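The residues making up each chain are set out below.
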Amino acid sequence: MTDNAQHLIDLTAFTADHCLKCNICTAACPVASITPLFPGPKTVGPQAQRMRLPGAPSPDHSIDYCSGCGICTLVCPHGVRVMEINTQAKAQMTATHGISLRNWFLSRNERWGRLGTPFAPLINFGLRLWLARWFAEKAVKISARAPLPRWAGYTFRGWWKKQVRQHPRPAPASDAQRVVYFHGCSTNTYEPHIGKLAVAVLEHLGLYVEIPPQTCCGLPAQSNGDFKAARRYARKNIAFLVDYARRGIPIVGTSASCMTAIKGDYQHVLGLDDPDAQLVAEHTYDFMEFLAKLHREGKLPTDFHPIERELPYHAPCQLKAHGMGRPALDVLDLIPGLRCWEIDADCCGIAGTYGFKAEKRAIAETVGKPIAEQVEAASAEVVVCDTETCRWQITSLTNATTIHPVELVAQAYGLTVDRYTPPVTARQM
Ligand code: SF4
Ligand code: SF4
């Protein structure tokens, strides 16, 4: 029996039996309503699960069209973990048939980000060439219309090491003043300015920031069914972070998808039945969730400078699926003059690496259409969102600039000190 099959027995057998076939999940699924290639969460989830034998090949290849957005799990009134069932079935399919070159490539984003950094100008130029994108679509089935990031040309970690060398900080008296920042792959190589602003905000709150070694959260590998690689990444991160969690030090990150993977997927999807995984999960927060928690505890200074703007906000599916509300809206609401309103859309369509795939790009664009329509109707030039791939997708669908909420928080605190790149919002608003 394979590792994956063992996991299917442990985690999904009982939740599938709670399905009452009400079809609420199918009505809410953003993919099922768009393509006949995907019969919907009830059918490929709990219904098919009853037919799947642990260790046997998956009987249903349409599962590949599930984007893993998690909306079905969120809406199911009977607590069936439909997305988790689907993701495990995908992993079983990958274990049976192997992973495609394209999916393997998309699962190793961390590696390409690092390796590409010294060649950033060349890669950024090449990836904007129509011919190169056409060739990538034909050769490896990465859509020519997919919203690819730009390499920054330096890493956030490199910047941080230099800061620590040049500005030695006195160690805090107690662990209560420490915080761990988990930057994730995207901040490290594509959007280091978000990490710089996150550090600026945390230091402004009087916290001593620690940035331990870390690797990819594993979510790209998990969503492509490569559980072996995803578990490898997860175990490494747990080993890097568990000592901090044991000391009660919070672990915060600006990539909502990475943080929700650490908070929930390591145990509920990858099946890491490990007290250390539990301990790390208990101490992990999405960045805005952490600020909202500090505010509830009366520890968040609210001496914000006004930002006189009205901005649309998109809550990423993964964040919604974790049932933590809308912490970004709660915090941004404290900034005088700023009115952020939530876009009425379940999903932007990108769902991690899903919308990068040639055969799924049209689905991803159709799923994201309501966002584009509302941004256009509001004539919004800036959209706020907590997850990087959602931001890239929204930019590609709307031409709006997309920013992380921390950029607004940093601006409202007046954090434009020399050590940090000025926030995007300061230049564009
Ligand atoms: S999984 Fe939940 S929402 Fe979907 S059909 Fe079953 S009970 Fe209904
Ligand atoms: S995870 Fe998203 S795409 Fe997949 S079945 Fe559930 S709602 Fe549909």
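See the structure shown above.
Attention in this report is confined to the structure presented alongside it. Predicted, not measured: the structure shown is a model, and the values here were computed from it.

### Some details on the site of ligand 2
Reasoning step 1: The local shell around ligand 2 holds 14 residues, among which Cys 29, Pro 41, Cys 66, Cys 69 and Cys 72 are the closest.
Reasoning step 2: Elements that contribute at least two residues to the shell around ligand 2 include exactly helix H5 (71–75) and helix H6 (82–97).
Reasoning step 3: It is H6 that contributes the most residues to the shell around ligand 2, three residues altogether.
Reasoning step 4: Looking at the shell around ligand 2 residue by residue, the class counts come to ten nonpolar, four polar and no charged.

### Thoughts on H6
Reasoning step 1: With 16 residues, H6 extends 22 Å between its outermost C-alpha atoms, agreeing within 8% with the 22 Å of an ideal straight helix rising 1.5 Å per residue.
Reasoning step 2: Burial runs high along H6: 14 of the 16 residues are buried.
Reasoning step 3: Of the residues flanking the end of H6, it is Gly 98, one or two places downstream, whose phi is positive at about 85°.

### A word on the site of ligand 1
Reasoning step 1: In the vicinity of ligand 1, 15 residues are found, and the nearest of them are Cys 19, Cys 22, Cys 25, Cys 76 and Val 80.
Reasoning step 2: Looking at the shell around ligand 1, the elements with two or more residues in it are helix H3 (24–28) and helix H4 (41–49).
Reasoning step 3: Here the shell around ligand 1 is built from residues that sort into ten nonpolar, three polar and two charged.

### Brief notes about the environment of Gln 267
Reasoning step 1: Within the element layout of this structure, Gln 267 appears in helix H16 (residues 256–268).
Reasoning step 2: The sequence separation of Gln 267 and Ala 277 amounts to ten residues, and the corresponding C-alpha distance is 7.0 Å.
Reasoning step 3: The residues contacting Gln 267, other than those within four sequence positions of it, are Leu 272, Ala 277, Gln 278 and Ala 281.

### Remarks on the sheet that holds strand S1 (residues 178–182)
Reasoning step 1: The strand order S2-S1-S3-S4 describes an open sheet built from four strands, whose pairing is parallel. The open sheet has two free edges, formed respectively by strand S2 (208–210) and strand S4 (284–286), since each of these has just one partner strand. Adjacent strand axes in the sheet meet at a mean angle of 35°, parallel and antiparallel pairs treated alike.
Reasoning step 2: Strand direction decides the pairing type here: S1 and strand S3 (residues 251–253), joined by three bridges, are parallel. Looking at the pairing, Tyr 181 lines up with Val 252 of S3.
Reasoning step 3: Across the sheet, helix H18 (residues 287–296) lies against S3 and S4, angled at about 100° from S4, the strand it touches most.

### A look at the sheet that holds strand S5 (residues 309–314)
Reasoning step 1: Reading across the sheet, the four strands line up as S6-S5-S7-S8 and stay open at both edges, with parallel pairing between neighbours. Across the chains shown, the open sheet's two edge strands, defined by having one partner strand only, are strand S6 (338–342) and strand S8 (401–403). Taking each pair of neighbouring strands and ignoring which way they run, the sheet shows an average axis angle of 35°.
Reasoning step 2: With two bridges connecting them, S5 and strand S7 (residues 382–385) associate as parallel partners. Bridged to His 314 within S7 is Cys 385.

### What about helix H13 (residues 192–204)?
Reasoning step 1: Taking 1.5 Å of rise per residue, the 13 residues of H13 would be expected to cover 18 Å, and the 18 Å separating its terminal C-alpha atoms lies within 8% of that figure.
Reasoning step 2: Within the span of H13, buried status applies to Pro 192, His 193, Ile 194, Gly 195, Lys 196, Leu 197, Ala 198, Val 199, Ala 200, Val 201 and Leu 202.
Reasoning step 3: Just downstream of H13 lies Gly 206, where phi reads positive at about 85°.

### Quick look at the environment of Arg 133
Reasoning step 1: By secondary structure assignment, the location of Arg 133 is in helix H10 (residues 130–140).
Reasoning step 2: Spatially, the C-alpha atoms of Arg 133 and Ser 143 are 7.5 Å apart, while their sequence positions differ by ten residues.
Reasoning step 3: Beyond its immediate stretch of four places on either side in the chain, Arg 133 contacts Leu 127 and Ala 144.

What counts as what
- Residues numbered from 1 in each chain as written.
- Chains lettered and ligands numbered in written order.
- Predicted model: local features only at pLDDT ≥ 70, side-chain atom pairs only at ≥ 80, totals over all residues.
- Near = placed C-beta within 6 Å.
- Helix = DSSP H or I, 4+ residues; strand = E, 2+ residues; numbered from the N terminus.
- Nonpolar A, V, L, I, M, F, W, Y, C, P; charged D, E, K, R; others polar.
- Expected span 1.5 Å × (residues − 1).
- Buried ≥ 20, exposed ≤ 12 C-beta atoms within 10 Å, placed from the backbone.
- Contact = placed C-beta atoms within 7 Å.
- Pairing = 2+ DSSP bridges.
- Axes fitted to C-alpha atoms, helices over the stretch in contact; angles between N-to-C directions.

From the geometry alone we can't say anything about function, so treat these as descriptive.
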